[in-house]
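Summary of the model geometry
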Amino acid sequence: MPIFTNSAAIWGTIIFLGLLAVYAYRRRSRRVVVSSLMFFAKSKSTAEGGQKLSKLQTPLLFFIEFLILLLLILAIADPINLQKGRLIPVTIVLDDSISMTAGGRISSRSRAVSYFEQKVFSHELYRITMIRAGAVPQIMGRRDMTGVEAENCLKDWTCESAISDLSNAMLQAFQISDANAVLVVVTDHAKPKNTDGRIKWLSFGRALDNMAITAANRTRAGKTDKCFFEFTNFSNVARELDAEIIDTASNEVLETLKEKLGAGNSRRIVAITHNPAATVKAVIKNDDVTFDNEATLLPIIREKINVTVRISSDILKKAVEKAVMASDMANLVTSEPDLLIVDSEQGYVGDSVDTLFVFHSISQPYRLQGDVAFDSSHPITENLTFDNALWAVDKDYKENGRRLISSGDLPLMVLKQPSELKNHNTVFFNYSADFSELHKTTMWPVMFYSLIDWCQKKQNGPSTFNFRSGNSIELQTKAGTDVYMTAMSGQIDNVKSTKQKAHSYNGLITFKAGIPGIFKIGDDKTSYMVSVNLCSPEESDLTNAEGMDELPEIICDDSMSHFASVKWWFIIAAFVLLAVHEWLISRRRSGYAY
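The present account deals with the structure reproduced in this document. (Residues numbered from 1 in each chain as written. Predicted model: local features only at pLDDT ≥ 70, side-chain atom pairs only at ≥ 80, totals over all residues. Heavy atoms only, no water.)

**Structural notes on the sheet that holds strand β16 (residues 294-297)**
- Judged by pairing direction, the sheet is antiparallel, and its 4 strands sit side by side in the order β13-β12-β15-β16 without closing on themselves. Strand pairing shows two members of the sheet lacking a second neighbour, β13 (252-261) and β16, which therefore form its edges. Within the sheet, the average angular offset between the axes of one strand and its neighbour, ignoring direction, is 10°.
- Pairing geometry for strand β15 (residues 280-284) and β16, over 4 bridges, is antiparallel. What sits directly across from Val-283, in β16, is Glu-294. (Pairing = 2+ DSSP bridges. Helix = DSSP H or I, 4+ residues; strand = E, 2+ residues; numbered from the N terminus. Axes fitted to C-alpha atoms, helices over the stretch in contact; angles between N-to-C directions.)

Following this line, the structure appears as structure tokens:
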């Protein structure tokens, strides 16, 4: 099917008015009295045209002349057609962020799908490659698809990502595309400055006011849980916030929020539940953009670890056991511990443990002087602070490994990773309780709480139970186990029940937290429930969303190399009809119209 590039040729249709006039206006005969029959010998046939309007005559010549004029007008319209075997390569980058679903039936995604169905997929001009721009760009289907294949593949464009990395997706598009390919970006926001001129930017967004939950977290505080939520008004005007925080087990409303939030302002609240096993949900009740109106916090259910304390010093043993029990995350046992705490490595007699904590025995105590440095990147020491309490140490102590606490060149706490000889973590602590007062400060229980929490997270199960979209879900399990992550429910319309599978080689498996919802994660025997909440200010802020009044055509100047002019098709056909026209005129009998 040729494409006509000179739309001005439409004015050529005016010539049809002249053709219609020729066949609509006729000469009319009138009675003439003559004196002799000799004039009949000189008679002539009546001309076809005239000045009197009569019924339109439509002989065969009329249609031939009409077609000749039509073909010449189409030739003037400069028709072009794809050269044989040279389809236009098009690479489409699709914004897979969840904000593309805002607006329901008239969302950015639905309008983009309608555009491509009408402008691209219905034409057999293109070979199409599509890239889904989520947290990690991914090619959809295969490269160089037909329009029908691309339309079917577009059903997998679900817009479920909390992050859309358009930059990397565009880079991948340049890498895999032909030099003369048309690159198209489909999104809901305006084209950034300094964007490559070869990219066609199609924006289908609409600026919307939105009230969103932008943060959700849960922590254990003794026998109660603290649930933290943040509500943000993404609007240019103040809006009413109507929200509730609910204990879903008893339907008890823990907190009610009915207040006005200023433009761009946030409201933070901590809801306390005395039922650590309860699921807590926050709901915004008065917002039309629904994809970020709910956040669910599941209970933190971890099995307590078993701890054995083998220390000869009564002072140190009591201080350690008190700190262990205060954490409420451990049981004191006499055998088969997960964490073994000893005052020398001789206290370790081959128990199958995950972590060994060793108090370095000191023969010549020395009072610690100078600053103390903590490794804030490790969970055991990230929350520790030193308040200059009396700390007796071995000043000549040397130990290889990762220094978690140190003073100058003197190691105070050292972590050794598992090795071929020792398949457990070993933590060495340079400390003499008999000549110190550190175990009487707040640093002591915090240190053991962090130690036990770190050990507990290394047990089988997820590192935590509530995640933000885009984060990694880590699951500790036995090596050689197949683990599944199954979507149980979702907070977005048309969420498909997905099931991811991974194989554990070293006991640690990582899944990506994508679409918000509740997920079951585990193997065939043991499973855990985890919650994924969107909590993405970048996706919830729709005030800068932008759409284009007129969307550009996919075909551009660079695409014209795939076309060839076919005006000769119409010119040759016009000449053939003109020859037929002349032949009919030459064969016409006098007074007879074909």
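**Description of the packing of aromatic side chains**
- The full count for this structure, using the stated rule, is 14 aromatic pairs.
- Where Phe-357 meets Phe-359, the ring centres are 5.2 Å apart and the plane angle is 70°; that geometry is what we call edge-to-face.
- Classification of Phe-359 by relative accessible area gives buried; the value is 2%.
- Judged by centre distance (6.2 Å) and plane angle (70°), the ring pair of Trp-391 and Tyr-431 falls under edge-to-face. Pair noted here: Trp-391 is in the loop between β22 (373-374) and β23 (392-393) and Tyr-431 is in the loop between β26 (425-430) and α7 (443-457), with a separation of 40 residues, a long-range link.
- Judged by its relative accessible area of 0%, Trp-391 falls in the buried class.
- Site record: aromatic cluster; members linked through ring pairs are Phe-357, Phe-359, Phe-386, Trp-391, Phe-429, Tyr-431, Trp-444 and Phe-448. (Phe/Tyr/Trp six-rings, centres within 6.5 Å; stacked < 30°, edge-to-face > 60°. Buried < 20%, exposed > 50% of the residue type's maximum accessible area, 1.4 Å probe, protein only.)

**Digging into the pairing of strand β34 (residues 527-533)**
- With 3 bridges joining them, strand β28 (residues 466-468) and β34 adopt parallel strand pairing. Paired with Arg-468 across the two strands is Asn-533, which belongs to β34.
- Strand direction decides the pairing type here: strand β33 (residues 517-522) and β34, joined by 6 bridges, are antiparallel. Looking across to β34, one finds that Gly-522 is bridged to Ser-527.
- As consecutive antiparallel partners, β33 and β34 are separated by 4 residues.

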